[in-house]
Amino acid sequence: MSRLRRLAPLVLLVCLFVITAPAFAQEQTHVVQPGENLFRIALRYGLDVPTLAQANNISNTWQIYVGQTLIIPTPGAAPAPAEPAPAPVEQPPVVVTTEYVVQRGDTLRSIAQAFGMTVDQLATLNNLTNPNLIYYGQRLNVTSSAPAEPVPAPVEVVAAPVEPAPVAAAPAEPLIHIVQRGEYLSSIARQYGVNWTDIAAANNIYDPNTVFAGTRLIIPAPGVAVGSAPAVAVPAAPPAYIGSGREVIVDLSDSRVYAYENGVLVRNVLASMGMAFTPTVQGDFTIQRKYFAQTMTGPGYYLPDVPYVMYFYAGYALHGTYWHSNWGQPMSHGCVNLPTLEAQWFFDFTEVGTPVHVQA
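Residues numbered from 1 in each chain as written. Predicted model: local features only at pLDDT ≥ 70, side-chain atom pairs only at ≥ 80, totals over all residues. Heavy atoms only, no water.

Novice: How should I be thinking about the overall build of the chain in this particular structure?
Specialist: When you go through the chain residue by residue, the secondary structure sums to eight helices and 15 strands. Within the span of the chain, comprising 360 residues, buried residues form 35% of the whole. Across the chain, contacts joining residues at least 24 apart in sequence account for 59% of those joining residues at least 6 apart. (Helix = DSSP H or I, 4+ residues; strand = E, 2+ residues; numbered from the N terminus. Buried < 20%, exposed > 50% of the residue type's maximum accessible area, 1.4 Å probe, protein only. Contact = heavy atoms within 4.5 Å.)

Structure below.
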């Protein structure tokens, strides 16, 4: 009997240890990982969102961040008061790079201001050595900053299953083609198995030879007639002068430049020729020398970095033009002024020795 009395305190101590041991157990926590939200975390631990939010003093259930440590309460137990959650760390703005197509009247400064950039930043991003030399249709990389928007946690909705209503088919997205250098309307039409007149009608193109690199074209489905089609007029082009290989005809009467390959017209563009007191020379010539860019000077003008220069006789050349867009009107000192993108096309099309015929 006395022995049992001596063991009683020891038994009582063991029982107290067993009863109180769980109180010393370490709390369960969870460190938020990328892509997780409160709903997903609560679901993982068999909790609901309000219980998990209350245990962590979270008032905005969508506002948790990567690296945050959450206390995971025991399911069914009253949550212990938690320390206030630390304020979310301010994330740096996300820099998004997009592409901008230069419009008529744009300058590097106006484009930079529109996207919150400096002229130097825009020029550096696009490797521009001359900030004054941009042209209509040119594609520039631009950046914009935007803070990442918080993603709200999905709300769990329990509803009785219902028979889904038939869903009307969404209209198909139109097929878009971006014109590449060297392409023309008939070759694009063959690529998609449609008539070039349908492409012209779908895009309100009245002159099929005015399509240039960078143009976005809607491609209609084969065999589908396009309503309200405009009357597509094909300019009357002169016949090829030589009829074999590549050649260029400059027609002063309609201010157009024509490109032929083996007698087939492949390009036709409106240009600006010499003025009355500085006319464009006429005759048969060949491309003599070519320059990607060249500074041109003369009485009353100074034009740095004139693009895509193709000399065909003495100081007379076909070249790109960034200082005006008055196509069809006499504007030059004898050269043939082309839109810069068109000059680039002719620069790629010709080589030294390509025949050039200039006619009235």
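Novice: Teacher, can you tell me more about the pattern of salt bridges here?
Specialist: Where side chains of opposite charge bring their charged atoms close, a pairing between them can arise. All chains considered together, the criterion is met by three salt bridges. Arg246 is paired through a salt bridge with Glu261; the nearest N and O atoms lie 3.3 Å apart. One end of the pair, Arg246, is in strand S7 (residues 246–251); the other, Glu261, is in strand S8 (residues 256–261), and 15 residues separate them in sequence. On the accessibility criterion, Arg246 (36% relative accessible area) is partly exposed. (Salt bridge = Lys/Arg side-chain N within 4 Å of Asp/Glu carboxyl O.)

Novice: Would you explain the nonpolar core in this entry?
Specialist: For soluble globular proteins, the rule of thumb is that nonpolar side chains tend to be buried together. Counting residues in hydrophobic clusters, the biggest one holds 24 residues, and the most contacted among them are Val250, Val257, Phe312, Leu318, Val336, Leu338 and Phe346. Only S7, S8, strand S9 (264–270), strand S12 (301–313), strand S14 (336–339), helix H8 (340–349) and strand S15 (355–359) provide two or more residues apiece to this core. Ranked by residues supplied to this core, first place goes to H8 with five residues. (Core = buried A, V, L, I, M, F, W, Y, C linked by side-chain atoms within 4.5 Å.)

Novice: Could you clarify how one ought to interpret the pairing of S12 in this entry?
Specialist: Side-chain positions along a regular strand alternate between the two faces of the sheet. Pairing between strand S11 (residues 289–298) and S12: eight bridges, direction antiparallel. Following the sheet pairing, Lys290 is matched in S12 by Met310. Counting the residues between successive antiparallel strands, the hairpin from S11 to S12 contains two residues, one of them, Gly300, with a positive phi of roughly 85°. Between S12 and strand S13 (residues 316–321), which pair antiparallel one after the other, the connecting turn spans two residues, and Ala314 there sits at a positive phi close to 45°. (Pairing = 2+ DSSP bridges.)

Novice: Any chance you could explain the sheet that holds S8 here in plain terms?
Specialist: Each strand in a sheet pairs with its neighbour through backbone hydrogen bonds, running either in the same direction (parallel) or in the opposite one (antiparallel). Spatial ordering of the open sheet is given by S9-S8-S7-S15-S10, a layout of five strands whose pairing is mixed. Looking along the sheet, the strands with just one partner apiece sit at the ends: S9 and strand S10 (283–286). For this sheet, the mean inter-axis angle between neighbouring strands, taken without regard to orientation, is 20°. Examined bridge by bridge, S7 and S15 share four bridges and lie parallel to one another. Of the residues in S15, the one forming a bridge with Asp251 is Gln359. (Axes fitted to C-alpha atoms, helices over the stretch in contact; angles between N-to-C directions.)

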